[in-house]
Each structure stands twice: as structure tokens, then as C-alpha cells.
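Results of the structural survey
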Amino acid sequence: MPRDTSVVTPERFAEGLTYAEFLAQATVNADKFEHYHRTSPLTADDLAFFAEAVARPDGLAKIMAIAEAWCGDVYRELPTVARIAEASGAELRIFLREQNPDIMDEFLSNEGQSRAIPVVVFYRRDHRYLTHFTERAAVAHQDLADAQAAVTADLQLPAGTKLGTAPQDQRQAFIAALIARIEPRLPEWQRAAIQEMRSLLATALKTTEAAAGARVTA
Amino acid sequence: MSVSLPVVYTIRGCDACVKLLDKWQAEGMAFEERRVETSQVLMDEARRYGAMVPIVVWPDGRVEQGFEGHISCFII
């Protein structure tokens, strides 16, 4: 991602939707956004971490999210990001993926092939990029891979069969079995997403502080 | 549900949905598209048939999800 020439300038950032505006324009899943906002698994320690990140002189100040209301990963994770912003004082702005292809293009995943959402991008007060989180935590990707392998074995399909390659006459059974395996894991995915965002942010802040310290020492 | 045309549940911007619709349009096939992101009624209707768009409900009642390995979108 060409961060020095990002299309997300401070002016563009300010044009993004607030969380309230995002909810107001959403035509689906209002109940799910409300549920996941009310039941977000953020702990007091998580909230203290993000508050401390914002309190640093050169710390976190802005959060950008790329989202669409129909997406399950978005309605499971964006309410938590909103809670983080509300509690820490970071400014959250949300951009709809389909209306902002140039922003999405800066945050493609899967070696540039996927427009996975949500994308959550963290910035400093002067709008310098810190880090970003995409779609879901690593443990969730592993769970999906494990579940696909298990369902493939259960249905006696060729090894390596995936969601998109399961034979169409068995795909309904494949997807139903897959969902049954991953649904109990969703709360863990939510927790892992928070942990991953914390870890990414802690590393980014530490790295830049070390660089600043090196400049001072030099 | 009684239908005479295949019904396809889609989402704007879904890669697999675009590919499926392109193919059907190139073949001159008649179908009814229902965009699930446009209303909760359509979203709930689609979820009765599956978890991943595109979802095709054929006139004989068969249901198919996804399209030829292209990147689909979960709606749950």
C-alpha cells in the first residue's frame, strides 16, 4: 500500500460516515449491529489499552473502517470498533466499500485478489498511518481451514475441497456442516480480533517510538 | 415458494454474483435477481436458503450456493 500517497487524505477521512450515520444508511442487519454493540467482548483491560494509545503524545487518534452492512464479519466486528472509539475518544469514520473503490484498492488482501471487509485502519493525530486489521483474526482463518478439511472428510469429498469447489450437489450439505462447525467459534473470533488489533497497534506504536528515540539519540 | 424463473439472490460487488450474472446474461437466460443488501425482507428470505451468495433457487426447488469457485460473500 502506497501510504505516502494514500487517497485517504485528512480531508477525505473527514468525509467518512460516523458510526451513527453508517447505521442510519444501513438497510439490513440493524438488529445484529445493535446486538454486537451491546454484547461486545471488550474487557476493561482492552479499553484501558486503547485509551492509553490515544493518550500518548504521538499516539492513536483516528480509525477508518471500510465496511458494508450486509457482511457478517462487519456486523460482528465494527460495533466493537465503534465501542473502542467511543471509549477512547479516537475519531471513527466509515467508508462503504462499493462507493469507495479507490480506498478499497489500497487495502486489498489475499495478494491483491480480495476486497475483504471490514478493514480497520489506525492513524495518528497528524494522520500518519499506524497499522491496519483486515476481515478476521488469524485463528478464524485457521478455524475455517480446519472446518473445511473436517467437512471434506465427513462427506468423503476429495482432499483439499473448499467452500467454492465442493460439488454443487453436495454444496448445500457442505456449507451447512461448515456453518455448524464454525458458529460455536464466533465468540472466540471476536475476542481474537480485539487481541489482534491490540497487538498490531502495540507493535506500530512501539516501532515508531523506537525510531523517534533513535533519532533523538543520534 | 412458487417460481417460474430461477431466482438469484445477490449482493452488489460480490465477485461470484457478478460472474454468474455475466454468464447468464451472455447466454440470454431469463431470471429474477433479488439484491439482498437492499432490504431486510430479502436478506431474511435469502438466509432461509443459504449462507453464501449467490444463491440460486431453481423453479423445481433445487438450491445452489456460490458460483464456480469464485469469491462468494457470507451473509450470516
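What comes next concerns the included structure. (Residues numbered from 1 in each chain as written. Chains lettered and ligands numbered in written order. Predicted model: local features only at pLDDT ≥ 70, side-chain atom pairs only at ≥ 80, totals over all residues. Heavy atoms only, no water.)

Some points on the interface of chain A and chain B
Put simply, the test is: Note on contacts: a residue pair qualifies if any of its non-hydrogen atoms lie within 4.5 Å across the two residues. The term buried area refers to how much accessible surface (probe radius 1.4 Å) is lost by two components on association, counted for both of them together. The working definition used for a salt bridge is a side-chain nitrogen of Lys or Arg within 4 Å of a carboxyl oxygen of Asp or Glu. Here a strand is any run of E in DSSP of at least two residues, a helix any run of H or I of at least four, and the numbering for each starts at the N terminus. In this count, Pro and Cys sit with the nonpolar residues alongside Ala, Val, Leu, Ile, Met, Phe, Trp and Tyr, while Asp, Glu, Lys and Arg are called charged and the others, Gly among them, polar.
The interface is formed by 22 residues belonging to chain A together with 25 residues belonging to chain B. Looking at the side of chain A facing chain B, the largest losses of area belong to Trp70(A), Gln168(A) and Gln172(A), adding up to 30% of the total buried there. At the boundary of chain A with chain B, the tally comes to zero salt bridges. At the level of elements, helix H3 (30-38), helix H5 (72-88) and helix H8 (168-182) of chain A are the ones that each hand at least two residues to the side of chain A that touches chain B. Examining the composition of the side of chain A that touches chain B, we find that five residues originate from one element, H8(A), more than from any other. Looking at the side of chain A that touches chain B, its residues break down into eight nonpolar, eight polar and six charged.

Overview of the sheet that holds strand S2 (residues 32-35) of chain B
All names here are of chain B. What counts here: Two strands are said to pair when DSSP picks up at least two bridges between them. Axis definition: a line fit to C-alpha positions, over the contact stretch in the case of helices; interaxial angles, taken between N-to-C directions, run 0 to 180 degrees.
Taken together, the four strands give an open sheet; going across it, the order is S2-S1-S4-S5, and neighbouring strands pair in mixed fashion. Where the open sheet ends on each side, the last strands, each with one partner, are S2 and strand S5 (63-65). Ignoring which end each strand starts from, the neighbouring axes of this sheet average 20° apart. Bridging between strand S1 (residues 7-10) and S2 involves four bridges; their strand directions are parallel. Its bridge partner lying in S2, Thr10 is registered against Arg35.

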